[in-house]
Amino acid sequence: MPLTKADLTRVRDLREKKHREAAGRFVVEGGKVVAELIAEGRVFDEIFATRAWERPVRLPRETTVIEVAEADMARISHFPTPSEVLAIGRIERPDLPAGALRRGLTLALDGVQDPGNVGAMLRIADWFALDRVLLSPDCADLFSQKVINASMGSFARVPVYQAGLGTALVDPGVPVIGCDLGGRDYRAAPPPRDAVIVIGSEGRGLSPAVAARVTERITIPRIGRAESLNAAVAAGIVAAWLKGSEGDKL
């Protein structure tokens, strides 16, 4: 059965953040990423799929699967080349639990607006088993297609919270370590057991409100001539430092 005009509009509107927020829904497209999110327990309200889609063995009963023709998939797809499946899920934004930052390692992103970098840093947090990721309100939207696809299954595995960092970092009870070109060599001291690591935006670095909360600044020494380091690359290096000597922390 062809999709109605209302269905086409509803799904296509989810490309924009304002419509996602109004509907409380997000969209993710692609066989691999949809399968990974289902495997991690993400429940989708609706799945639009062509006959070419290979359904996961364990598909939640509450998920409605709507078979569509390739022509209709091309109309609702968010990609230039449509995939075989597009899923719609509910936006959930849990509050940061009181005292959560006092325990474990938190990766805080301060105005990181590139969705590819935000997604990559979710994967980094997942790879190194960081305890949580904290996004400032001016970061790229967690529920954008680009962030989700860049994060792959990590979108469903890593606890992610959104909060104003200037307020959240008033008294976290642990060191707040900012990555900054003017900081000390990150290898100069043993990595802390519990800490908040702040990565600033690609263009301006740490915002003034967050810089005021930083208790220590570190840098990754430059050996070559590059002007700066990609935010996600920097996060990966620092995460490896934090988690690379677990035995020394026992």
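Predicted, not measured: the structure shown is a model, and the values here were computed from it.

Focus on the layout of surface pockets
Considered as a void within the structure, the largest pocket measures approximately 610 Å³ in volume. As for the largest pocket, its lining consists of 23 residues, of which Asp-180, Leu-181, Ser-228, Leu-229 and Ala-234 are closest to the centre. When contributions to the lining of the largest pocket are tallied by element, the ones reaching two or more residues are β8 (176-185), β9 (195-200), β10 (216-219) and α10 (231-243). Looking at the lining of the largest pocket, the element that brings in the most residues is β8, giving three residues. When grouped by side-chain class, the residues that make up the lining of the largest pocket number 11 nonpolar, seven polar and five charged. Taken as a whole, the second largest pocket encloses approximately 300 Å³ of empty space. Along the wall of the second largest pocket there are 19 residues; nearest its centre are Arg-42, Glu-92, Pro-94, Leu-142 and Val-160. Among the secondary structure elements, those contributing two or more residues to the lining of the second largest pocket are α7 (154-157) and β7 (160-162). Tallied by class, the residues present in the lining of the second largest pocket amount to 11 nonpolar, two polar and six charged.

Quick notes on the packing of aromatic side chains
Taken as a whole, this structure holds five aromatic pairs when the rule is applied. A centroid spacing of 5.7 Å and a plane angle of 85 degrees characterise the contact between Phe-143 and Phe-155, whose relative ring orientation is edge-to-face. Taken together, the residues span a long stretch of sequence, with Phe-143 in the loop between β6 (132-135) and α6 (145-151) and Phe-155 in helix α7 at a distance of 12 residues. Phe-155 carries the same exposure label as Phe-143, and that label is buried. Following the ring pairs from residue to residue traces out a cluster consisting of Phe-26, Phe-44, Phe-143 and Phe-155.

Re the nonpolar core
Core analysis: the largest hydrophobic core is formed by 47 residues, its most contacted members being Val-28, Val-34, Phe-44, Leu-107, Leu-109, Met-121 and Val-133. Discounting residues that sit within four places of it in the chain, Val-133 has contacts with Leu-107, Leu-109, Leu-122, Ala-125, Val-158, Pro-159, Val-160 and Tyr-161. Ranked by size, the runner-up nonpolar core spans 14 residues in total, among them Leu-165, Leu-169, Val-176 and Leu-206.

Considering the pattern of salt bridges
On inspection of all chains with the given rule, the structure shows 17 salt bridges. Of the charged contacts in the structure, one is a salt bridge between Arg-184 and Glu-216, with a shortest N-O distance of 2.4 Å. Of this pair, Arg-184 sits in strand β8 while Glu-216 is found in strand β10, placing the two residues 32 residues apart along the sequence. A residue is classified by how much of its surface remains accessible, and Arg-184, at 24% relative accessible area, is partly exposed. The closest approach of N and O atoms between Arg-187 and Asp-185, which form a salt bridge, is 2.9 Å. The exposed category is assigned to Arg-187, whose relative accessible area is 52%.

Points about the sheet that holds β10
Spatially, the six strands line up as an open sheet ordered β7-β6-β5-β9-β8-β10, and their pairing is parallel. Both edges of this open sheet fall to β7 and β10, since each of them pairs with a single strand only. Across this sheet, the average inter-strand angle for adjacent strands is 35 degrees, counted without regard to direction.

Some words on the environment of Gln-145
The residue Gln-145 is located in helix α6 in this model. For the pair Gln-145 and Glu-16, spaced 129 residues apart in sequence, the C-alpha separation works out to 9.7 Å. Among residues more than four places away in sequence, those in contact with Gln-145 are Val-27, Val-28, Glu-29, His-78 and Phe-79.

A word on empty space enclosed by the protein
All chains considered together, the criterion is met by one cavity of 30 Å³ or more. Quantified by volume, the largest cavity comes out at close to 30 Å³. Taken together, Leu-107, Leu-130, Ile-197, Ile-199, Ala-235, Val-238, Ala-239 and Leu-242 form the lining of the largest cavity. Sorting the residues of the lining of the largest cavity by element identifies β9 and α10 as the ones contributing at least two each. No other element matches the four residues that α10 contributes to the lining of the largest cavity. Along the lines of polarity and charge, the residues of the lining of the largest cavity split into eight nonpolar, no polar and no charged.

Reading the values: rules and limits
Residues numbered from 1 in each chain as written. Predicted model: local features only at pLDDT ≥ 70, side-chain atom pairs only at ≥ 80, totals over all residues. Heavy atoms only, no water. 1 Å grid on protein atoms, 1.4 Å probe; cavity = no way out; pocket = protein on both sides within 12 Å on 5 of 7 lines; lining within 4 Å. Points joined across faces, edges and corners; volume = space filled by probe spheres on them. Helix = DSSP H or I, 4+ residues; strand = E, 2+ residues; numbered from the N terminus. Nonpolar A, V, L, I, M, F, W, Y, C, P; charged D, E, K, R; others polar. Phe/Tyr/Trp six-rings, centres within 6.5 Å; stacked < 30°, edge-to-face > 60°. Buried < 20%, exposed > 50% of the residue type's maximum accessible area, 1.4 Å probe, protein only. Core = buried A, V, L, I, M, F, W, Y, C linked by side-chain atoms within 4.5 Å. Contact = heavy atoms within 4.5 Å. Salt bridge = Lys/Arg side-chain N within 4 Å of Asp/Glu carboxyl O. Pairing = 2+ DSSP bridges. Axes fitted to C-alpha atoms, helices over the stretch in contact; angles between N-to-C directions.

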